[in-house]
Amino acid sequence: MLRKLKFQREADPDWARRVSQRPGCERLFSCLQCGTCSGTCPLSIYMDISPRRVTALVREGFREDVLRSQTIWLCASCYSCAVHCPRQIQITDLMYGLKREAIQEGLQPRRLPVAVLAQEFYHMVRRRGRNSEFSLVLRMALRSNPFILLGMIRTGWKLIRTGRLSLRREHIEALPEIRDLLGTEVTR
Amino acid sequence: MSAYSYFPGCSLRGTGAAYEESLLALFHVLGLSLTELEDWNCCGATSYMSIDEGSAFLLSARNLALAHKAKCRDVVAPCSACYLVLRKTQDYAVRYPAIGAHVGKSLAAANLPALDGVRVRHPLEVLYNDVGADRIHQLVKRPWRGGPVACYYGCQIVRPYHEVDRDCNPTRMDELLNAAGVPTVEYALKTKCCGGSLTGTMHEIGVRLNYVLLKEAVRKRAQAIVTVCPLCQYNLDACQAEIRRGTGERYDLPILYFTQALGWVLGADPEALGFSRSISGQKSIRQWFSTATEEAKAYV
């Protein structure tokens, strides 16, 4: 992605303050910009903005740059940055928060399979209480890029042959209970 | 006899079927009882937290509440993602009063008990702490006929909580396997991420991460990789054919669960350990784990 100039008037420092109130992000403003997070991240080389820059952009308040980035969706939640951060910033939690906000605002990269998978997963579990791998992958592909299914045929066949691909759509018995439970939203 | 509640998670009913089979067989051999939580639900994994924080905590809170209702409050979650999500919910409900209050209120409204007294356990740590390497050593029934293995711990059981093992250089799986007579190699990438679900979503990136893991294992002369997580096992197992096609390098390593390796050595029924479910390394698997040659040897 091309780096563009930023102007201070585009920043929203109040947003940064709100982000720093989320669980795990309390020490956001103590970030040293040492780059340990980017160095230890197995995925940073593929990201459009490195984790260190994400932290820098967040705390200056450049909201849209981070929420539109692919970086937050590439984070696989391996917690490497979180345990190595010398300032104990839970960067994984920071990324989760940014993903949630991007989805709420509809700013996530469209058709990015990771974001689509998360949404499909969410709806499936909310409806049925469990996730079924086969139908999850199918839905993810159909709503992002159906052609990726072609590349999965070989692996899919091997999984069927070894009895590892269940076509059953799982669900729990106490569906009303879980729907009641999830119906309540968190208030903070 | 020690008893535990058991939270299988969605993967162990699909791609990770061999993990469940070998776990049950191994616990049976060791005389440990596992009782599945009644009507458990999905833990939410990493995806749910990316959409909705409040209900992500509630999903795992329901499972913890079920464990509270069950006879045994030690709940064993073999999948790394399940383990971490349950453990994190428990921790955050205590550490952040707002989350704790939200979880408590919602559970009470759904007539579910509170979470206190429940312990989230991983089978690796159960075997290490409750059974112990010495006991495992005494119980060895079969010699290990395979080559040295690389122990791959992955990410979410050692980070951010260090209860299963240390986050830097964990060794408990190595210790257990060594005690059981399985040689292990030094494997520097033992806690490097396999990419999780990225092999399904950002395929090329996921495959690349697994290529690096396989290459290092082979460089250390490991003849198999032993894992603790259904997602790690799937990624390393299913990517090899594609890596062979893409790089021209010959990878055909068996990717085993630690429960399969230990189950074999401790004398569990080989049919019950799910070896036939592996995609890669079937040649080595047939050589190492066939009872036919074992019986023939006993006969001679």
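Worth saying up front: this structure is predicted, and the values here are computed from it rather than measured. (Residues numbered from 1 in each chain as written. Chains lettered and ligands numbered in written order. Predicted model: local features only at pLDDT ≥ 70, side-chain atom pairs only at ≥ 80, totals over all residues.)

A.B. asks: Quick one: what's the story with the overall build of chain B, residue by residue and with numbers?
C.D. replies: Along chain B, the regular secondary structure elements total 15 helices and eight strands. Taking all 300 residues of chain B together, the buried fraction comes to 59%. (Helix = DSSP H or I, 4+ residues; strand = E, 2+ residues; numbered from the N terminus. Buried ≥ 20, exposed ≤ 12 C-beta atoms within 10 Å, placed from the backbone.)

A.B. asks: Account for the sheet that holds strand β7 (residues 224–227) of chain B, naming residues and giving values.
C.D. replies: Residue and element names in this part refer to chain B. Taking strand neighbours across the sheet as the criterion, the four strands line up as β6-β5-β7-β8 in an open arrangement whose pairing is parallel. Looking at the sheet topology across the chains shown, the edges are occupied by β6 (184–185) and β8 (255–257). The pairing of strand β5 (residues 149–151) with β6 spans two bridges and is parallel. Paired with Ala150 across the two strands is Val185, which belongs to β6. Against the sheet, helix α8 (residues 172–179) contacts β5, β6 and β7, and its axis sits at roughly 145° relative to β5. (Pairing = 2+ DSSP bridges. Contact = placed C-beta atoms within 7 Å. Axes fitted to C-alpha atoms, helices over the stretch in contact; angles between N-to-C directions.)

A.B. asks: Tell me about the environment of B:Arg250, residues and numbers included.
C.D. replies: Of note, B:Arg250 is situated in the loop between α12 (240–247) and β8. Once the C-alpha coordinates of B:Arg250 and B:Gln240 are considered, the two residues, ten residues apart in sequence, prove to be 8.7 Å apart.

A.B. asks: So what's going on with the domain arrangement of chain A? Residues and values would help.
C.D. replies: Quoted interface sizes are often the accessible area lost when the parts come together. Domain boundaries in chain A define domain 1 (8–105) and domain 2 (113–183). Each of domain 1 of chain A and domain 2 of chain A has a C-alpha centre, and these two points are 28 Å apart. (Domains from an automatic or database assignment.)

A.B. asks: Explain the domain arrangement of chain B to me, and be specific about the residues and the numbers.
C.D. replies: Residues and elements named next belong to chain B. Domain assignment breaks chain B into domain 1 (3–123) and domain 2 (132–299). Each of domain 1 and domain 2 has a C-alpha centre, and the two are 25 Å apart. If you look at the interface, domain 1 gives 22 residues, while domain 2 gives 25 residues. Looking at the side of domain 1 that touches domain 2, the elements with two or more residues in it are α1 (17–29) and α4 (80–95). Per element, the largest residue contribution to the side of domain 1 that touches domain 2 is nine residues, and it comes from α1. Across the side of domain 1 that touches domain 2, the residue classes break down as 13 nonpolar, seven polar and two charged. (Nonpolar A, V, L, I, M, F, W, Y, C, P; charged D, E, K, R; others polar.)

A.B. asks: Outline the interface of chain B and chain A, listing residues and values.
C.D. replies: At the interface, 52 residues of chain B touch 53 residues of chain A. Elements supplying a minimum of two residues to the side of chain B that touches chain A: α2 (45–49), α3 (53–69), α5 (97–109), α9 (198–201) and α10 (203–219) of chain B. The greatest single-element share of the side of chain B that touches chain A, amounting to six residues, is contributed by α3(B). Residue composition of the side of chain B that touches chain A, by class: 24 nonpolar, 19 polar and nine charged.

A.B. asks: I'd like to hear about the nonpolar core, residue by residue, with values.
C.D. replies: Core analysis: the largest hydrophobic core is formed by 154 residues, its most contacted members being B:Val149, B:Ile225, B:Val226 and B:Ala261. When sequence neighbours within four positions are dropped, the list of residues in contact with B:Ile225 reads B:Val149, B:Ala150, B:Tyr152, B:Ala217, B:Leu236, B:Leu253 and B:Ile255. (Core = buried A, V, L, I, M, F, W, Y, C linked by C-beta atoms within 7 Å.)

A.B. asks: How would you summarise helix α6 (residues 123–131) of chain B if you had to cite specific residues and measurements?
C.D. replies: All names here are of chain B. Of all the positions in α6, only Pro123, Leu124, Val126 and Leu127 are classed as buried. One side of α6 carries all its buried residues, which in axial view fall inside an arc of 165°. On its buried face, α6 is in contact with β1 (3–6), α1, β3 (74–76), β4 (119–121), α8 and α13 (258–265). Note on α6: the residue one or two positions beyond its end, Gly132, has a positive phi of about 95°. (Arc of directions from axis to C-beta.)

A.B. asks: Which residues make up the packing of α4(B) against α5(B), and what values go with them?
C.D. replies: Residue and element names in this part refer to chain B. Running from N to C, α4 and α5 cross one another at 115°; their axes reach a closest spacing of 5 Å. Looking at the two axes, α4 sits roughly perpendicular to α5. The segment α4 lies against α5, with Tyr92, Ala93 and Val94 engaging Ile99, Gly100 and Val103. The residue inventory of the contact of α4 with α5, partitioned by class, reads five nonpolar, one polar and no charged. (Parallel < 35°, antiparallel > 145°, perpendicular 65-115°, else oblique.)

A.B. asks: Tell me about unusual backbone geometry, and please be specific about residues and values.
C.D. replies: For the bond from B:Arg159 to B:Pro160, the omega torsion is -10°, close enough to zero to count as cis. For B:Pro160, the position within the fold is in the loop between β5 and α8. Residue A:Gln33 is not a glycine yet carries a positive backbone phi of 60°. A positive phi angle, near 45°, is found at B:Ala45, a position not held by glycine. Mapping B:Ala45 onto the fold places it in helix α2.

A.B. asks: Describe the sheet that holds strand β2 (residues 33–36) of chain B, and please don't skip the residues or the numbers.
C.D. replies: Residue and element names in this part refer to chain B. The four strands lie next to each other as β2-β1-β3-β4, forming an open sheet whose pairing is parallel. Only two strands of the sheet have a single partner each, and these edge strands are β2 and β4. The mean angle between the axes of side-by-side strands here comes to 40°, regardless of whether they run parallel or antiparallel. As judged from the four bridges shared by β1 and β2, these two strands associate in the parallel manner. Paired with Ser5 across the bridge in β2 is Thr35.

A.B. asks: I'd like a rundown of the pairing of β7(B), residues and numbers included.
C.D. replies: Residue and element names in this part refer to chain B. Residues of β7 alternate between two faces, with Ala224 and Val226 on one and Ile225 and Thr227 on the opposite face, all of them buried. Of the pairings in the sheet, the one linking β5 to β7 comprises three bridges and is parallel in character. Pairing of Ala150 across the sheet is with Ile225, part of β7. Summarising the sheet, β7 and β8 pair through three bridges and their orientation is parallel. In the sheet register, Ile225 faces β8, and the bridge partner there is Ile255.

A.B. asks: Could you give me a rundown of the environment of B:Thr199, with the residues and numbers involved?
C.D. replies: All names here are of chain B. Among the structural elements, Thr199 can be located in helix α9. Classification of Thr199 by C-beta neighbours within 10 Å gives buried; the count is 25. Sequence-wise, Thr199 and Asn235 are 36 residues apart; in three dimensions their C-alpha atoms are separated by 6.9 Å. Every residue in contact with Thr199, bar those within four places of it in the chain, is listed here: Gly206, Val207, Asn235 and Cys239.

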